[in-house]
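Architecture and fold: a report
Listed below are the residues making up each chain.
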Amino acid sequence: MSDDKIKLTLDGQSITVPTGATLLEAAQAAGVDIPLICYHEATSPNGLCRICVVDVDGGRVLQPACVAECGADTRVETRNERVLRSRRTILEMLNASVNLEQAPEIQDMMTDYSADDERFPDARRRESEVIDDNPFYVRDYEQCVLCWRCVQVCAEDAQFTFALTLKNRGHETSVATAFDISMTESPCVFCGQCVGVCPTGALKPKVEWGMEQGWSSEELRQQTRRKRKKGSE
Amino acid sequence: MIAEHDIDAALDAYRGRGREALLPALWDLQRAHGYISPENVHRLSHVLRVPEAEIYGVIGFYTLFHDQPTGRRIIRVCADPTCALVGADEILHGLCDRLGLSGEGSTADGEYTVEHSPCLGMCDYAPAALVSDRGENDIALPNATVDALLDSRDGAYFTRAGDDESVLLDPALSAAPQTLAAYGDYRALRRAIFDLSPEEVIATVEASGLIGRGGAAFPTGLKWKFTRGAAGDIKYVVCNADESEPGTFKDRVLMEHRPHLLLEGIALASYAVGTGKAYIFIRGEYPKATAILDCAIQEAEAASVLGAGIMGSDFALDIEIRRGAGAYICGEETALFEAIEGKRGFPRMKPPYPTTFGLFGAPTAVNNVETLCAVPSIVNQGADWFKSLGTAESAGSKLISVSGHVGQPGVYEIQPGITLRSFLDDYCGGVIGELKAVLMGGAAGTFLLPDEIDVPLSFEDLRAAGSSFGSGAIMVFNQSTDLRDLLRRLGLFFQHESCGKCFPCQLGTQRQVEILERLDAPRAGDRERLHDIGMTMSEASICGLGHTAGIAVLSALEKFPDLFEAEE
């Protein structure tokens, strides 16, 4: 075997991958499904949702497939008991804090991993009002899973606008502008990239949101359309 | 109330600097004004060229920074296990009553703000509090009372430590830090610079068997060898002085009493890995140790044992102190780098490891205070001498912070191999009352039962017993202790200190404390819930905080199963 390829075993299959390939790439090549929440091809991977963890050689800790590189001659298991417990528990804990009604991929994972949607009764939910402060999109942080993608594309991953940041820490973390100023007061240029990468219903075009609220077409136009400079005179 | 000239003065010193200066600048603003206002964030944004949203995010990450006006005196009372045993809650309530507050918060006259705090590392003087007066340096107050917290600025205390066989501690301790004259002329550093190559220093430390005292027990010589051998012209040494594990205060005692021992250790590490720049990252709750180290650096530079052209050689070293701002996570080495770089203290993914990609992306040797303090004597007296102390796998001496129900809480230097029983009896003045449990290794530690205390205190014996030195903390609890309350406080600590980056820890520390708060009336299935949470945090989190945030609870599930059953 040449130096630029390595061999490993994944769920019993013997596979060969390029050196430096991630476990996720290896699994995809082998046709093995790995669940993903925070990972997005357009953003720097942070390996933070941990839903993609896999077991490598029965190591003390599980490895995030999205960022961990394949090791030569390792034995990787993507659905053993340890992996299933972590994935199921992460989903159950997430569901207890966040409104996942508009996150169909995560809903499917709940089914796939037999996650009990009432596993953690009396849990503290992350609650907030819908923020409707601009003509383009609304923010509903009750649906935010803290994948960080919106903050990343607003910053160094794409736009270098830095309208968004993370506020507080731990379970109290939320996405916010500086001192919670409105988007119109912030440096936001309404590029829409944050809306594009949001994996749940937390960021949503205002038209879509207005339709959900049952607005009439007249209300939609009043709320979201500005008079065009050209041709309006 | 913002005095324009003050702001300019506070920020002028930062012109030309970048994001790395963010935490020091925020400290200066807060000391001057009591909080960091939107106007000052706006100005700071221009001075450091850091977006306002990023600065706001950093302020919100560190609990000692405030973005709302505070009282002229901020009083933070420790609410963690050791202080709770001696009435910390009553002091907090007493303060609120006296000031007419219904709970934590600020008085209407703008004079006082009262908060609870995670462990202040003063467990030998419980209950402890941190007092911050606007415009003044902070002080840590020992043996706090309501009267003292409202009136006093007297933070004087002795630290009881050291005996004739001490290597790290000075047998002749007093209330004052050891001066350079009393410490002597950095003899090990002189020997290294003039007689030994950096490789020889590393070989000596490697042969000594010294392993890290911060908790992870990594071989120190190997870490230095990796750092020296890593590609790159710029390298750093970082001293991790962010000791924040509840029940742990050994590093504080070392810094407050033997600052030059630490500085010489840092200088030896810097010479060995090949750098002229080292940082000490010290937790914000240690104002006294910070001031003492600051003086000691000036003293050492004046005597040419630090600074440019040390002892007439061409080895130069600048040691810079960086003050943390209330975040236990910054004791995690990569989160610590992020804090020095002026960011939220999120742990990075590893690999890459600090020895190849550390502070500012450069190869970095990051070592605990106690580890660095062991180095001068190793260079002076040799690897064989160091190995002759302790046990086969636990060379040298080891510091233990002991608190709770013992006759004499404090920091003790032991030779590994003695049993926990003899440590408690012979060093700490014995257990007060009847022993119920020992929490070994800190808040992220494991419980030992009264019939398990014959375990020898060494890295290998503790590992075999399913325990560890952890941060070097031993908390002792007698029959009067409410273990459910203890677990609840441990749970609150981790919930408060989780950085929020990875889902298992961000969500797990919250779910865990919700269950620990109802232990008196548990729901069916709570044991299984706690087990799944603990295992998921241990196996799937990003960093050591998450990996250990459920350890004490998992240990209690095994050792004290009755705690999790409904009372009859």
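Residues numbered from 1 in each chain as written. Chains lettered and ligands numbered in written order. Predicted model: local features only at pLDDT ≥ 70, side-chain atom pairs only at ≥ 80, totals over all residues.

Topic: the sheet that holds strand 10 (residues 398-404) of chain B
Residues and elements named next belong to chain B. To be explicit about the condition: Two strands are counted as paired when DSSP detects at least two bridges linking them. Counting from the N terminus, the helices are the DSSP runs of H or I reaching at least four residues and the strands are the DSSP runs of E reaching at least two. Only the contacting stretch of a helix is used when fitting its axis, a line to C-alpha atoms as for every element, and angles between N-to-C directions run 0 to 180 degrees.
Spatially, five strands are ordered 11-10-14-12-13 in an open sheet, and the strand pairing comes out mixed. The open sheet has two edge strands, strand 11 (410-414) and strand 13 (446-448), and neither has a second partner. Averaged over all adjacent pairs, the angle separating strand axes in this sheet is 30°, with direction ignored.

Side note on the packing of helix 2 (residues 81-97) of chain A against helix 21 (residues 503-516) of chain B
The cut-off we apply is this: Crossings are sorted by hand: turned counterclockwise from the far helix by less than a right angle, the near helix makes the crossing left-handed, and turned clockwise it makes it right-handed. Note on contacts: residues are paired as contacts if their backbone-placed C-beta atoms lie within 7 Å. Three classes are used: nonpolar for Ala, Val, Leu, Ile, Met, Phe, Trp, Tyr, Cys and Pro, charged for Asp, Glu, Lys and Arg, and polar for all others, with Gly counted as polar.
At their nearest, the axes of helix 2 of chain A and helix 21 of chain B sit 10 Å apart, and the two run at 65° to each other. The two elements helix 2 of chain A and helix 21 of chain B cross, and the hand of that crossing is left-handed. Along its contact with helix 2 of chain A, which presents Ile90, Met93, Leu94, Ala96 and Ser97 of chain A, the element helix 21 of chain B presents Phe503, Pro504, Leu507, Gly508 and Arg511 of chain B. When its residues are assigned to classes, the contact of helix 2 of chain A with helix 21 of chain B shows seven nonpolar, two polar and one charged.

Points about unusual backbone geometry
In the segment running from alanine 126 of chain B into proline 127 of chain B, the intervening peptide bond is cis, with an omega of -5°. For the bond from lysine 350 of chain B to proline 351 of chain B, the omega torsion is -5°, close enough to zero to count as cis. Relative to the helices and strands, proline 351 of chain B resides in the loop between helix 15 (333-340) and strand 9 (364-368). Here phenylalanine 160 of chain A, not a glycine, exhibits a phi torsion of approximately 55°, which is positive. Along the chain, phenylalanine 160 of chain A falls in the loop between helix 4 (149-154) and strand 7 (165-167). In this model, aspartate 180 of chain A sits at a positive phi of 55°, which is unusual for a non-glycine residue. Mapping aspartate 180 of chain A onto the fold places it in the loop between strand 8 (174-176) and helix 5 (193-197).

Topic: the domain arrangement of chain A
Residue and element names in this part refer to chain A. Definition in use: Boundary definitions for the domains trace back to an automatic or database domain assignment.
By domain assignment, chain A separates into domain 1 (1-125) and domain 2 (137-224). Between domain 1 and domain 2, the C-alpha centre-to-centre distance is 27 Å. At the interface, 16 residues of domain 1 touch 14 residues of domain 2.

Examining the domain arrangement of chain B
Each assigned domain of chain B is listed with its residue range as follows: domain 1 (4-61), domain 2 (73-151), domain 3 (180-388), domain 4 (398-478) and domain 5 (483-564). On a C-alpha basis, the centres of domain 1 of chain B and domain 2 of chain B stand 27 Å from each other.

A short note on the sheet that holds strand 3 (residues 112-117) of chain B
All names here are of chain B. The five strands are arranged 2-3-1-4-5 in an open sheet whose pairing can be described as mixed. The open sheet is flanked by strand 2 (105-106) and strand 5 (139-141), the only strands paired with a single partner. Bridge count for strand 4 (residues 129-133) against strand 5 is three bridges, and the pairing is antiparallel. What sits directly across from leucine 130, in strand 5, is alanine 140.

Considerations on the packing of helix 12 (residues 250-257) of chain B against helix 16 (residues 369-381) of chain B
Residue and element names in this part refer to chain B. We apply this condition: An angle below 35 degrees is read as roughly parallel, one above 145 as roughly antiparallel, one from 65 to 115 as roughly perpendicular, and any other as oblique.
The N-to-C vectors of helix 12 and helix 16 enclose an angle of 45°; their axes lie 9 Å apart at closest approach. As judged from the angle between their axes, helix 12 and helix 16 are oblique. Seen from helix 12, the contacting residues are Lys250, Asp251, Leu254 and Met255; seen from helix 16, they are Val369, Glu370 and Cys373. Looking at side-chain class alone, the contact of helix 12 with helix 16 contains four nonpolar, no polar and three charged residues.

A word on the interface of chain B and chain A
Counting from both sides, the interface comprises 38 residues of chain B and, opposite them, 36 residues of chain A. Of all the secondary structure elements, the ones that give two or more residues to the side of chain B that touches chain A are helix 3 (38-48), helix 4 (52-61), helix 20 (483-497), helix 21 and helix 22 (526-540) of chain B. Here the residues of the side of chain B that touches chain A sort into 16 nonpolar, 12 polar and 10 charged.

A word on helix 22 of chain B
As a reminder of what qualifies: A helix's residues, less one, multiplied by 1.5 Å, set its expected span. Residues with at least 20 other C-beta atoms within 10 Å of their own are called buried, those with 12 or fewer are called exposed, and the rest are partly exposed. The C-beta atoms themselves are positioned from the backbone.
Along its 15 residues, helix 22 of chain B runs 21 Å from first to last C-alpha, staying within 8% of the 21 Å computed at 1.5 Å per residue. For helix 22 of chain B, every residue scored as buried is listed here: Arg529, Leu530, Asp532, Ile533, Gly534, Thr536, Met537, Ser538, Glu539 and Ala540 of chain B. In this structure, the buried residues of helix 22 of chain B make contact with strand 3 (53-56) and helix 2 of chain A together with helix 21, helix 23 (544-548) and helix 24 (551-559) of chain B.

Quick look at the nonpolar core
Residue and element names in this part refer to chain B. Cut-off, in case you're wondering: By definition, a nonpolar core groups buried Ala, Val, Leu, Ile, Met, Phe, Trp, Tyr and Cys residues that connect through C-beta atoms lying within 7 Å of each other.
Membership of the largest hydrophobic core comes to 247 residues, with the highest contact counts inside it found for Ala128 and Leu268. With 10 residues, the top contributor of residues to this core is helix 13 (residues 259-273). Setting aside its immediate chain neighbours within four residues, leucine 268 contacts Ala188, Leu189, Ala192, Val201, Val375, Pro376 and Val379.

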